[in-house]
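Take a look at the letters that make up each chain.
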Amino acid sequence: MIKQILNKIPRKPSSKSSQNNETDLVASNETRNSSVKSNNGKKSGIVGAVQVVQVSDDASYEALPSFRVVSSSEKHNLFIKKLNMCCVVFDFSDPSKNSKEKDVKKQTLLELVEYVSSVTSKFNEVTIQEITKMVSANLFRSLPDTTHENKLIDMYDQEDDEFRMDPSWPHLQIVYEFLLRCVASPETDPKLTKRYIDHSFVLKLLDLFDSEDQREREYLKTIVHRIYGKFMAHRPFIRNAINNIFYLFIFESEKHNGIAELLEILGSIINGFAMPLKEEHKLFLAHVLIPLHKPRCLSTYHQQLSYCISQFIEKDFKLADMVIRGILKYWPVTNSSKEVMYLSELEEILEATKAVEFERCMVPLFRQIGHCLNSSHFQVAERALFMWNNEHIRILITQNRKVILPIIFPALEKNTRCHWNQAVQSLTVNVRKIFSDADQTLFEECQVRYREDETKEKESVAKRQSNWNRLDAIAASKGLTSDHAIVSRFASSVTITATGTAIAATTVKS
């Protein structure tokens, strides 16, 4: 990709005088920080904040010589000069401003990427410090303070191209590519580089995941994953820092653009967890991944979240019970699209669940599935019935039919009689047939019990109506109006409910 960009941009010749002018410009327009301080007996570099420099119209910002026209001994010094030159950050809010200088910087950045890709000697400490300084100057910036409040309500149905694209991306893309090549380069010594790509550097990278530009988040995802793989000392810190982003998202803001990308990184990390799982990893599952089902914008990252949870269950099937109960805890009440996602995820989890873990959670699970079967939203009911198409889940249900069928039989019967959607009715008949073929005796017992319960319910309704009719007759005999009767009926129902609650509370205490 970089070679294609290089071919499209013509190279500009430069003289030694322009090189001297450029050196003077860089020296006068930026603050260089090359201090190396001692920390616990080891050196650690601190990359200073580089100011955004606006080049005036009469300022000289000319290209430095190409690496191809200088000798090998001069390439390193030229590399440092080009890095310093690229610390100048331009304002992209006005496309017509400094257009020539922007082209020069873009060409210089491309040359830096090409040099890093072909270098055959180890980067020394000064080089690494200059690299991190240039990267920090260009990447670490304040993201636009967009107001999420109004947008979050409708953002889940928007296309990606409706989100904001950073106007400075032509330069940012090459800087990200440069950083990626540096991190991945075999000439980068992890022990030396970790002093500059330190915790502060990583935190600033993670802050950029809230960028609205998806192209930037994709680069960040790849770079952070490479840093995690190369700098083993940073791994616990990176996991904790990502956890903190999730905590803020779940319990405070529910606003973040990079949750899906962060989960993709974690999916790869979880895949590499050693067995048996550490307690901190199980706590991460319980306190972070499961509560991530709660936010309204679940649809923007559900696929990545589902993959992470599946990775945990594949590594330790005993976690299935905790995961299923956690999902049931956050089950949506009025959001049908989230219910469909939950049901799809449950099917993936149940496919990896062993019989012992399934038996622990099947009662609350199929109570909820029973509610879904009777959903007036046909996609929810249909998705719940599709579970019986999965052979592994069907076997688990058949083995535990004596517990499961009595729970969901009323829902199946109601669907067969009165569900408005013909496809749901047809699927319900198929499920009934599966139970009937597996255990005809049990099926008939459930039918008898359902009819008995139905008869009792009708009798209860009739008795209740009779009582109200009698009370209405008494009220009429005493000359009360219909309005008085309605108020009395409401007051009586409230009294009955309060009395029933009090009796139930007394029973529990006793």
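Residues numbered from 1 in each chain as written. Predicted model: local features only at pLDDT ≥ 70, side-chain atom pairs only at ≥ 80, totals over all residues. Heavy atoms only, no water.

**Topic: the pattern of salt bridges**
Definition in use: The working definition used for a salt bridge is a side-chain nitrogen of Lys or Arg within 4 Å of a carboxyl oxygen of Asp or Glu. Starting at the N terminus, helices and strands are each numbered in turn, a helix being any DSSP run of H or I of at least four residues and a strand any DSSP run of E of at least two.
Across all of its chains, the model carries 20 salt bridges by this definition. Glu-264 is paired through a salt bridge with Lys-221; the nearest N and O atoms lie 2.8 Å apart. Linking Glu-264 in helix 12 (residues 259–271) with Lys-221 in helix 10 (residues 214–230), this pair joins segments that are 43 residues apart in sequence. Measuring nitrogen to oxygen at the nearest pair gives 3.7 Å for the salt bridge that ties Glu-280 to Arg-239. A residue pair is termed long-range when its members are at least 10 positions apart, and Glu-280 in helix 13 (residues 279–289) and Arg-239 in helix 11 (residues 235–253) qualify at 41 residues. Where salt bridges share partners, they join Glu-413, Arg-417, Arg-432 and Glu-454 into one cluster.

**A word on the packing of helix 17 (residues 355–373) against helix 18 (residues 378–385)**
This is how it is decided: Fitted lines through C-alpha atoms give the axes, limited to the stretch in contact for helices. The angle between two N-to-C directions lies from 0 to 180 degrees. With respect to orientation, any angle under 35 degrees is reported as roughly parallel, any angle over 145 as roughly antiparallel, any angle of 65 to 115 as roughly perpendicular, and every other angle as oblique. Note on contacts: a residue pair qualifies if any of its non-hydrogen atoms lie within 4.5 Å across the two residues. Only Asp, Glu, Lys and Arg are considered charged in this grouping, and only Ala, Val, Leu, Ile, Met, Phe, Trp, Tyr, Cys and Pro are considered nonpolar; every other residue, Gly among them, is considered polar.
Contact geometry of helix 17 with helix 18 gives a least axis separation of 7 Å together with a crossing angle of 135°. The orientation of helix 17 with respect to helix 18, classified from their angle, is oblique. In this structure, helix 17 uses Ile-369, Cys-372 and Leu-373 to contact helix 18, whose residues at the interface are Val-380, Ala-381, Ala-384 and Leu-385. Tallied by class, the residues present in the contact of helix 17 with helix 18 amount to 7 nonpolar, no polar and no charged.

**A few points about the nonpolar core**
Our working rule: Among buried residues, the Ala, Val, Leu, Ile, Met, Phe, Trp, Tyr and Cys ones that are joined through side-chain atoms within 4.5 Å form a nonpolar core. Type-normalised accessible area, obtained with a 1.4 Å probe on protein chains alone, sets the label of each residue: buried when under 20%, exposed when over 50%, and partly exposed for intermediate values.
By size, the foremost hydrophobic cluster in this structure holds 132 residues, and its most contacted members are Phe-178 and Leu-289. When residues in this core are grouped by element, the largest group, 10 residues, is from helix 7 (residues 169–184). Setting aside anything within four residues of it in sequence, one finds Phe-178 in contact with Phe-79, Leu-83, Leu-112, Val-113, Val-116, Ile-131, Met-134 and Val-135.

**Comments concerning the state of the cysteines**
Applicable threshold: Disulfides are defined in this document as cysteine sulfur pairs within 2.5 Å.
Across all of its chains, the model carries 0 disulfides by this definition. For the unlinked cysteine Cys-86, the closest cysteine sulfur is that of Cys-87, found at 7.6 Å. Taking the relative accessible area as the measure of exposure, Cys-86 reaches 0% and is therefore buried.

**Concerning the packing of aromatic side chains**
Put simply, the rule is: Think of it this way: a Phe, Tyr or Trp ring, Trp meaning its six-membered ring, pairs with another when their centres are within 6.5 Å, and the plane angle makes it stacked under 30 degrees, edge-to-face over 60, tilted otherwise.
Evaluated as defined, the whole model comprises 18 aromatic pairs. Between Trp-169 and Tyr-219 the ring centres are 6.0 Å apart and the planes differ by 55°, which places this aromatic pair in the tilted class. Of this pair, Trp-169 sits in helix 7 while Tyr-219 sits in helix 10, and the two are 50 residues apart along the sequence. Pair check on accessibility: Trp-169 and Tyr-219 agree, each one buried. When the ring of Phe-358 is compared with that of Phe-366, the centres are 6.0 Å apart and the planes differ by 80°; the resulting orientation is edge-to-face.

**Structural notes on helix 17**
Definition in use: Here the expected span of a helix is defined as 1.5 Å times the quantity of residues minus one. Fitting axes to the seven residues that end at a residue and to the seven that start at it, the angle between those axes gives the bend at that residue.
The terminal C-alpha atoms of helix 17 lie 23 Å apart, and with 19 residues this falls more than 12% below the ideal 27 Å at 1.5 Å per residue. The largest bend in helix 17 is about 60°, located at Met-362, with the proline Pro-364 one to four residues further on. When we look at burial in helix 17, the residues that qualify are Glu-357, Phe-358, Cys-361, Met-362, Leu-365, Phe-366, Gln-368, Ile-369, Gly-370, Cys-372 and Leu-373. Next to the buried residues of helix 17 lie helix 15 (320–329), helix 16 (336–351), helix 18, helix 19 (391–399) and helix 20 (401–418).

**A word on unusual backbone geometry**
With an omega of -5°, the peptide bond between Met-275 and Pro-276 qualifies as cis. Within the fold, Pro-276 resides in the loop between helix 12 and helix 13. Positive phi is not limited to glycine here, since Glu-254 has a value of about 55°. Turning to its location among the elements, Glu-254 is positioned in the loop between helix 11 and helix 12.

**Considerations on the side chain of Asn-421**
Stated precisely, the cut-off is as follows: Here a polar contact is recorded for every N or O atom pair within 3.5 Å, except that within protein the pair must consist of a potential hydrogen donor and a potential acceptor, and residues adjacent in sequence are included only if both atoms are side-chain atoms.
With respect to the secondary-structure elements, Asn-421 resides in the loop between helix 20 and helix 21 (422–438). Polar contacts involving the side chain of Asn-421 include one to the main-chain amide nitrogen of Val-424, which spans 3.0 Å.

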